[in-house]
Every structure is written in C-alpha cells, then in structure tokens.
Amino acid sequence: MTEKEAILQRHSVRNYTDRKIEPAAVEELNRLIDEVNEQGQLHLQLLTDAGGTFNRFFSRIMGLGSAPSVIACIGKDADDLDERIGYYGEKIVLAAQQMGLNTCWAGTFNRDRVPVKLAPDERLSIVIAIGYGETAGKPRRSKKPEQVANVTEQSPEWFKNGVEAALKAPTAINQQHFFIRLSEDETVAFEDLGGVFSKVDLGIVKYHFEVGKQS
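So, here is what we can say about the structure in this document.

About the cut-offs
- Starting from 1, residues in each chain are numbered consecutively following that chain's sequence as written.
- Given that this is a predicted model, residues contribute local features only at a pLDDT of at least 70 and side-chain atom pairs are listed and counted only at 80 or more, while totals for whole chains, interfaces and linings are drawn from all residues.
- Hydrogens and water molecules were not included; the side-chain quantities draw on all heavy atoms of the structure.
- The secondary structure listing takes helices from DSSP runs of H or I that are at least 4 residues long and strands from runs of E that are at least 2 residues long, numbered from the N terminus.
- C-alpha atoms define the radius of gyration in this analysis, and the globule rule sets the expected value at 2.2 Å times the number of residues to the power 0.38.
- The classification of residues rests on relative accessible area computed with a 1.4 Å probe and restricted to protein chains. Under 20% of the type maximum is buried, over 50% is exposed, and intermediate values are partly exposed.
- All accessible areas in this document rest on Shrake-Rupley with a 1.4 Å probe, and a residue is counted as covered only by the protein chains that are shown.
- Counted charges follow a simple rule, with Lys and Arg positive, Asp and Glu negative, and His plus the chain ends left uncounted.
- Charged side chains are reduced to one point each, which is NZ for Lys, CZ for Arg, CG for Asp and CD for Glu.
- Paired strands, in this sense, are two strands between which DSSP finds at least two bridges.
- For helices, the fitted line uses only the C-alpha atoms of the stretch in contact; every axis is such a line through C-alpha atoms, and the angle between N-to-C directions lies from 0 to 180 degrees.
- Throughout, a residue-residue contact means that at least one pair of heavy atoms, one from each residue, lies within 4.5 Å.
- By convention in these notes, a salt bridge is any Lys or Arg side-chain nitrogen within 4 Å of a carboxyl oxygen on Asp or Glu.
- Ring geometry is summarised as follows: Phe, Tyr and Trp rings, the Trp one being its six-membered ring, pair when their centres sit within 6.5 Å, and such pairs are stacked at plane angles under 30 degrees, edge-to-face over 60 and tilted between the two.
- Only when the NZ of Lys or the CZ of Arg is both within 6 Å of the ring centre and within 35 degrees of the ring normal is a charge said to sit over the ring.

Turning our attention to the overall build of the chain. Across its full length, the chain carries 7 helices and 6 strands. Along its sequence from the N terminus, the chain presents helices and strands in the succession α-α-β-α-β-α-β-β-α-α-β-β-α. For the chain, the C-alpha radius of gyration of 17 Å lies close to 17 Å, the compact-globule estimate for 215 residues. When the backbone C-alpha atoms are referred to their principal axes, the chain occupies close to 50 × 40 × 35 Å. Expressed as a percentage of the 215 residues in the chain, the buried residues total 47%. Approximately 11000 Å² of the chain is accessible, and the part contributed by carbon and sulfur atoms is 48%. Both charge centroids of the chain, one from 26 positive and one from 31 negative side chains, sit 7 Å from each other.

Set out below in structure tokens:
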C-alpha cells in the first residue's frame, strides 16, 4: 500500500478491540517515531499500555472508545509546535494504516492518565489513538476543492491532486478550516482559518498535500 492509497483508505476509528499491537509492529512504529522526532525536533512517544487515556465521560460525549495504545504528541513549546506535530504525526498515521492499524487524532483525553516523559519546557499537545479498530471507520462529509483552494479547471494537475489529498486530511470536528493558495509563480501558501486544533490540522493538511501532488 502506498501513502496515497493509505490516504484514501484511512478513516478515523473511535472504537478499538483489546488486541495488543504485535511486537514487530511496535518496533517499526518506534523506529518511525524516532525518525520523525529527529526530523521535526519533537518528542512523540508510543504508549502501548494506555487504556485509561480516554475516560468514560469523554467516550460517551466524543464517541471515542478506549484504545489500548496511544501516541503522545509532545515537543518543546513553540509557536509552530502544533503544526509540526500535525505534519509529522500524520506521517506516522499513514504508516500505521499501511501496517494494518487504525488511528484517531484526539484532542480530548485524560491528561493525568497519559504516562509520558515530559521535560519542563515541553508540552503535550494532542494524542493519537492507535490499535485494531472494531471497524475500519467510514468516510465523512467533505468540502469541495474550490471551497478550500483557489483551484480551477486551468490549475496544474499536481495542484489539483494535492488539494484532493488535502481534503482527505482529518481535521478537528471535521471543520476543514484551511485555505490553499497557488500564486502565479506556482508557489503554494497554506492559510490557517482558525478553530479548535487548527494548527495541528494545518500540519496534517500540508503533509497530505505533499503526498498528493507527487502522484
């Protein structure tokens, strides 16, 4: 499965079985996490036994079942931390899909029950539930390309492909509060239109766009 195929097949999954991630998959995830931590100057951590991360109240409100494992998204506090977390975290999310795992970005969780190693200058931004879902999830409603980009019939194919991939990006409460602008010199700019976790969303959108435009 290619990354583009993973984008098409991956959906947010909120309910998981109690099946543990196999040791070989844990090893590969940790290898990838080490890689993106170095690339993005982050401190993402895979917690294989984190069933208490999502308490019953939030499970009822948000519909998120207790995943046996989570990826805690951490880094030194900075203005661009959330965007970097979205960008590099989504790289892990798509790799997980390629490995047969299911995921869900989750901003609502029990912080006191996330056993992370957190330095004084670091911040836990968001977590990614990861494991084997009860289902593979399902597609969600999406805006049209012209609602999120200045795309037209005359736009280059690589830009159209990038926008289509960006529309598949998971965003908080499916808000899709971003805009992608192609200038005359074919420079691409991404705009954060605000909203809950919109900076994380923008990072995810950027990664999807980069994968999509390469096809």
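Continuing now.
Next up on the list: unusual backbone geometry. Generally, phi is negative for residues other than glycine and the peptide bonds are trans, each holding for most cases. Positive phi outside glycine occurs at Ile 173, with the angle close to 45 degrees. Here Ile 173 is to be found in the loop between helix 6 (157-166) and strand 5 (178-182). Located in the positive-phi region is Phe 197, a residue other than glycine, with phi close to 55 degrees. Note on placement: Phe 197 falls in the loop between strand 6 (188-192) and helix 7 (198-213).

This part covers the sheet that holds strand 2 (residues 69-76). Two pairing modes exist for strands in a sheet, parallel and antiparallel, and in both the strands are linked by backbone hydrogen bonds. Strand order in this open sheet of 4 strands is 1-2-4-3, and the pairing throughout is antiparallel. Sheet topology places strand 1 (45-47) and strand 3 (102-106) at the edges, where each strand pairs with a single neighbour. Each adjacent strand pair in this sheet contributes to an overall mean axis angle of 25 degrees, direction not counted. With 5 bridges connecting them, strand 3 and strand 4 (residues 122-131) associate as antiparallel partners. Among the inter-strand pairings, Trp 105 is bridged to a residue of strand 4, identified as Ile 128. Sheet contacts for helix 2 (residues 23-40): strand 1, strand 2 and strand 4; angle to strand 1, the most-contacted strand, approximately 155 degrees.

Before going further, it helps to spend a moment on the pattern of salt bridges. A complete count under the given rule lists 11 salt bridges for this structure. Between Arg 123 and Asp 82 there is a salt bridge, with the nearest N and O atoms lying 3.2 Å from each other. Note that Arg 123 is positioned in strand 4 and Asp 82 in helix 4 (residues 81-98), a separation of 41 residues in sequence. Under the relative-accessibility criterion, Asp 82 is labelled buried at 15%. Arg 181 is paired through a salt bridge with Glu 191; the nearest N and O atoms lie 2.9 Å apart. Of this pair, Arg 181 sits in strand 5 while Glu 191 is found in strand 6, placing the two residues 10 residues apart along the sequence.

Further remarks concern the pairing of strand 5. Of all 5 residues in strand 5, 4 are buried; the element is thus mostly enclosed. Bridge count between strand 5 and strand 6: 5 bridges; the pairing is antiparallel. The residue bridging Arg 181 from the neighbouring strand is Ala 189, located in strand 6. The hairpin formed by strand 5 and strand 6 contains 5 residues between the paired strands, and Glu 186 there has a positive phi angle of roughly 65 degrees.

What follows concerns the packing of aromatic side chains. In this structure the tally under the stated criterion is 6 aromatic pairs. Look at Trp 158 and Phe 209: their rings are 6.5 Å apart centre to centre, the planes differ by 80 degrees, and that puts the pair in the edge-to-face class. Of the two residues, Trp 158 is situated in helix 6 and Phe 209 in helix 7; the sequence distance between them amounts to 51 residues. Centroid distance Phe 159 to Phe 209: 5.9 Å. Interplanar angle 65 degrees. Geometry classified as edge-to-face. Taken together, the residues Phe 159 in helix 6 and Phe 209 in helix 7 connect sequence positions 50 residues apart. Note on accessibility: Phe 159 and Phe 209 belong to one class, buried. Here a set of aromatic residues connected by ring pairs shows up, and it is made of Trp 158, Phe 159, Phe 190 and Phe 209. One Lys or Arg, Arg 19, reaches over the ring of Tyr 132 and ends 3.7 Å from the middle of that ring.

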